[in-house]
Amino acid sequence: MNGAQRACRPCRFSAASLFKATSCSPNPPTPGKMLLRVAVLLGALLGISQAALQVSISLNKVELSVGESKFFICTAIGEPVKVEWFNPQGERITSSKRMSLHTEMSRSKLIIYNAIIEDAGIYRCQATDTSGHTEEASVVLEIYQRLTFRDVQSPQEFRHGETAEVVCDVISSPVPVVVWYYQDREITEEHHSRYQVLANNNLQINQVTKADEGVYRCEASVEARGEIDFVDIAVVVNVPPVLSVLQPSFNATADYQESVTFTCITSGSPDPMVTWHRKGQQLEPSEKYVLNRLEGRRSMLTIRNIRQIDGGSYSCKATNKAGSQERELFLKVFVQPHITQLKNVTAVEGSAAMISCVAEGEPLPDISWKRASDGQSFVDGDKSRDGRFEVRGRHGKSVLTISGVRLTDLGRFDCEAQSRIGGHQKSMFLDIEYIPKFLTNHTIFYSWEGNPVNISCDVMSNPPATMLWRRERFTISEGTPNMQIHSAEGKSILEVTPMSDRDFGRYNCTARNNIGVRYQEFILAQADVPSNPYSVRLSAVSQRLATVTFMKPDSHGGVPISYYLVQYKELGSQDWRDVRSHSVQTTVVLTGLEPNTTYEVRVAAVNGKGQGEFSHMETFQTLPIREPSPPAVHGQRGVGKAYRLGLVKQDDGGMPIVEYIVKYKTDKEEQWMTKLVPGAFDFAMLQPLQWNTRYEVEITARNVKGLSEPTFYQFFMPQKPDITAESLFSGLGLGAVVGLGLGALLLLLVLVDVSCFFLRHCGLLMCITRTLCSKKTATSGKGKEMEEGKAAYLKLPLKEENGKESLKPDTIEIKVHSDNSLHIKPDDSKA
């Protein structure tokens, strides 16, 4: 014992001292200890011996529901050494997860957690004292099962037509009474022949239909405890899918961007999921296949851009929880003809060529041939008149045989496959190999010592030929002195620079391919200068010009003529002037001639070798100076009251036009108005003119010799237009519009300044006036102001609206007095 217990010991045999000892305990007494001490006190009062051992349990009989928890307290009176619990099987209880023991001296607590049916029975509490004497007490534990619905599923689904068993798993102890309800009415076998409550309390429905769908109530009760509970179960009846097809087969043509749509109509519950299949594979949405679901349970498969491989069987499959159904649909694809095999063919000239064309399609197409060079056609069984062309074919294959191939057979051949669905055409090229052929008969070339010449050997061959040059049985190579070889496809050029007579002579060109070899001989001859031109003629002779024409020389010396040299001089002069022809033209124009002068002219041809002899000399005389020819005139409407006359100079008579004399008047007037236009101008502007008036014009050209004959011209001025801002500026450019705007602004500033000058005696004009007056006073040497009455006068010419000075001498007189005041009065002439 501790100190506190020893301090309380004298209080053992009296009630007051007992309760006092309880209060002086260092720890507050638990209810068990209080009960033990009360028992000791009662024993002392009743004279019971202290050594007697007694055991009691707080409860004698307990009812406990499955899953509930409960505790029991066992109290021993006396001097117990140990207190133990025993289960209904007589086994000593030790603490575990579901059963827990808490023992303190003469008091022990048994706790049972989450009771189960197997926990029912008699539990004993046994106390043992120091002498080994035992006493025990017991408690009866009865466990019952409350109403419990175990994992009842809702909804519960069944297939249409089968025997449905609606499961309601309910337990209790004692066994519950189960009653089923549908649409608030109890289900009895008397009223519901297809319904039956089974021994396991489940509800059986024979040949369940969609009409049996709904909410069923399973109600369980235990009369002994007055306990009742229920659960509502939704019953769903699934109906297997039913498929119908509007059109089981379709026809389509491949490669025409066509589309076909299959449609399946479904029924069933729940709504079936429709899938489309082909060759055992489910089709997924793509660019090729479009899957749609429309109202009315219509499912559609659209096959786009149909090709030959799309033909065959397709299936529509509807599936739900109750089952599935599948229907087959068929797509027949017609295929337009397609040529699958046609190759280019190479044949040797004179041999035979076989051209094969293979085509497919549904139905199988017919094959024909056409030669592109002349459009001649060949079909199966045909044979040309000369027997060289023959066609044989079967089962989508056709063979065109050409015997004795010629170069004229070279080219394109078209194979055409045709059926009632359509046609297809493909082309091949017949290539012909042949021995080299020389393309030119130009075998003589001219040159001279030191002048390089190109000898060209042009060859046509297939395959391309290799070419080499020989001279006197020796092969000419790149290193041969004064000779070079330039090669290109089908051409070999031998560049020879003759250095002596030995370099002139015969050269041989050899062309070779795998078909054969050919030779061509060329001659390099010495060139000469051209012979003289002849038939020299003069034409279109005027005061300053003359045209020389002539005939080409008979011989160009073996070298092309480069140009013609025309020489001319005045008669009696020794100084010839040279004029070259343009390229090899046989017409030359002489310019800068003097009027009324006799000239001599001759012509020579020039080639690479040099200049040939001159032609026979011809003489001609230029025309004397005379008056110019009348000018040509064309008119164009100007701006406003103006009219533009275009002047085109004709023959000036041998001297420049000095001026044009333009005279014009209205058709109602007698007096002419005259305008002089410099001869260098090509137009004359007539203004101002009158609206709605016809004008007559007479134009004369003048040179130093005199006047030309007049040219007459008429034009008509229209009515005055209705000028608007839009029409005024529509013909002007951006610069002109900006210029007009600036001019208008400047005019406005001038008007404002003039108004300030007259009304307020200020402004720029006032400053200028004062400055002028002060300068005049300073120059006169007078130091005093101007005498009163003496004034300076400014005469300002009046302006018209267009800014030009008026023809009338109207002025405004401005008088400046000595006090700088102004007096303004109009000129008397204005009156």
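Presented here is a report on the structure given in the accompanying data block. (Residues numbered from 1 in each chain as written. Predicted model: local features only at pLDDT ≥ 70, side-chain atom pairs only at ≥ 80, totals over all residues. Heavy atoms only, no water.)

1. What to know about the overall build of the protein
And then number 1: Within the protein, the secondary structure is distributed over 6 helices and 61 strands.
And then number 2: Residues counted as buried form 36% of the 831 residues belonging to the protein.
And then number 3: Restricting the contact set of the protein to residue pairs at least 6 apart, pairs at least 24 apart contribute 59%.
And then number 4: Carbon and sulfur atoms make up 51% of the accessible area of the protein, which amounts to about 49,100 Å² in all. (Helix = DSSP H or I, 4+ residues; strand = E, 2+ residues; numbered from the N terminus. Buried < 20%, exposed > 50% of the residue type's maximum accessible area, 1.4 Å probe, protein only. Contact = heavy atoms within 4.5 Å. Areas by Shrake-Rupley, 256 points an atom, 1.4 Å probe, with all protein chains shown as cover.)

2. Some words on the pattern of salt bridges
And then number 1: All chains considered together, the criterion is met by 27 salt bridges.
And then number 2: Where Lys569 meets Glu600, a salt bridge forms, and the shortest distance between an N and an O atom there is 2.6 Å. You can see Lys569 sitting in strand β45 (residues 561-570) and its partner Glu600 sitting in strand β48 (residues 598-607), a full 31 residues away along the chain.
And then number 3: Among the salt bridges present, the one from Arg626 reaches Asp651, with a minimum N-O distance of 2.1 Å. Of the two residues, Arg626 sits in the loop between β50 (618-621) and β51 (632-637) while Asp651 sits in the loop between β52 (643-648) and β53 (659-666), which places them 25 residues apart along the sequence.
And then number 4: Take Arg626: its relative accessible area is 30%, and that puts it in the partly exposed class.
And then number 5: When salt bridges with common partners are traced through the structure, they connect Arg371, Asp374, Asp386, Arg388 and Asp409 into a single cluster. (Salt bridge = Lys/Arg side-chain N within 4 Å of Asp/Glu carboxyl O.)

3. A closer look at the nonpolar core
And then number 1: Judged by nonpolar contacts, the single largest core of 23 residues is most densely connected at Val166, Trp180, Leu203, Ile205 and Tyr216.
And then number 2: Where this core is concerned, the elements lending two or more residues are β11 (164-166), β13 (177-182), β16 (203-205), β17 (214-222) and β18 (227-245). (Core = buried A, V, L, I, M, F, W, Y, C linked by side-chain atoms within 4.5 Å.)

4. Details of the sheet that holds β52
And then number 1: Judged by pairing direction, the sheet is antiparallel, and its 3 strands sit side by side in the order β51-β52-β55 without closing on themselves. Here the strands that pair on one side only, and so sit at the sheet edges, are β51 and β55 (683-686). For this sheet the average axis-to-axis angle between neighbouring strands, irrespective of direction, equals 20°. (Pairing = 2+ DSSP bridges. Axes fitted to C-alpha atoms, helices over the stretch in contact; angles between N-to-C directions.)

5. Some details on the packing of aromatic side chains
And then number 1: The final tally for this structure, using the stated rule, is 13 aromatic pairs.
And then number 2: Residues Phe262 and Tyr314 carry aromatic rings whose centres are separated by 5.6 Å and whose planes lie at 45° to one another, so their mutual orientation is tilted. Of this pair, Phe262 sits in strand β20 (residues 260-269) while Tyr314 sits in strand β25 (residues 312-320), placing them 52 residues apart in sequence.
And then number 3: Note on Phe262: relative accessible area 0%, which makes it buried. (Phe/Tyr/Trp six-rings, centres within 6.5 Å; stacked < 30°, edge-to-face > 60°.)

6. A few points about the pairing of β51
And then number 1: Bridging between β51 and β52 involves 6 bridges; their strand directions are antiparallel. Among the inter-strand pairings, Gly635 is bridged to a residue of β52, identified as Leu645.

7. Re the state of the cysteines
And then number 1: Evaluation of the coordinates by the stated rule reveals 5 disulfides.
And then number 2: The disulfide partner of Cys357 is Cys415, and the S-S distance across this bridge is 2.0 Å. The sign of the -85° torsion about the S-S bond sets the Cys357-Cys415 disulfide as left-handed. Residue Cys357 is found in strand β28 (residues 353-362), and its partner Cys415 is found in strand β33 (residues 411-418); the two are separated by 58 residues along the sequence. An identical accessibility class is assigned to Cys357 and Cys415; each is buried. (Disulfide = S-S within 2.5 Å.)

8. Topic: a nonpolar patch on the surface
And then number 1: A surface patch of nonpolar side chains, amounting to about 740 Å² of accessible area, comprises Val738, Leu742, Leu745, Leu746, Leu748, Leu749, Val750 and Val752.
And then number 2: Here Val738 shows up in helix α5 (residues 734-759).
And then number 3: According to the relative accessible area criterion, Val738 is partly exposed, its value standing at 45%. (Patch = residues over 30% accessible without salt bridge, like charges linked within 9 Å, V, L, I, M, F, W, Y side chains within 5 Å.)

9. Topic: the sheet that holds strand β44 (residues 546-551)
And then number 1: If you walk across this open sheet you meet the 3 strands as β43-β44-β47, and the pairing is antiparallel. Across the chains shown, the open sheet's two edge strands, defined by having one partner strand only, are β43 (534-539) and β47 (587-590). The mean angle between the axes of side-by-side strands here comes to 20°, regardless of whether they run parallel or antiparallel.

10. Some thoughts on the environment of Gln425
And then number 1: Its place among the elements puts Gln425 in strand β34 (residues 423-438).
And then number 2: Given the relative accessible area of 42%, Gln425 is considered partly exposed.
And then number 3: Counting along the chain gives 56 residues from Gln425 to Trp369, while the straight-line C-alpha distance between them is 9.5 Å.
And then number 4: Ignoring any residue separated from it by four or fewer positions in sequence, one finds Gln425 in contact with Ile339, Asp414, Cys415 and Glu416.

11. Some thoughts on the pairing of β47
And then number 1: By the alternation rule, side chains of β47 split into Val588 and Leu590, which are all buried, and Thr587 and Val589, of which none is buried.
And then number 2: Summarising the sheet, β44 and β47 pair through 4 bridges and their orientation is antiparallel. Bridged to Val548 within β47 is Val588.

12. Things to note about unusual backbone geometry
Most peptide bonds adopt trans geometry, and most residues besides glycine take a negative phi value.
And then number 1: Residue Ser154 is joined to Pro155 through a cis peptide bond whose omega torsion reads 5°.
And then number 2: Each neighbour pair has its own omega, and for Ser269 with Pro270 the value is -5°, a cis peptide bond.
And then number 3: If you trace the backbone, Pro270 turns up in the loop between β20 and β21 (273-278).
And then number 4: In this structure, Asn305 is a non-glycine residue whose phi angle is positive, near 50°.

13. Focus on the environment of Phe389
And then number 1: Considering the arrangement of structural elements, one finds Phe389 in strand β31 (residues 389-394).
And then number 2: Separated by 16 residues in sequence, Phe389 and Val405 have C-alpha atoms that sit 9.8 Å apart.
And then number 3: Contacts of Phe389, omitting those with residues within four sequence positions, involve Arg371, Phe378, Asp382, Lys383, Ser384, Leu400, Thr401, Ile402, Asp409 and Phe413.

14. Topic: the side chain of Ser108
And then number 1: Following the sequence through the fold, Ser108 ends up in strand β6 (residues 107-112).
And then number 2: For Ser108, a relative accessible area of 1% translates into the label buried.
And then number 3: Here Trp85 takes part through its side chain, which lies 3.1 Å from a polar atom of the side chain of Ser108.
And then number 4: Of the polar contacts made by the side chain of Ser108, one reaches the side chain of Thr103; its length is 3.0 Å.
And then number 5: Setting aside its immediate chain neighbours within four residues, Ser108 contacts Phe72, Ile73, Cys74, Val83, Trp85, His102 and Thr103. (Polar contact = N/O pair within 3.5 Å; in protein donor to acceptor, adjacent residues only side chain to side chain.)

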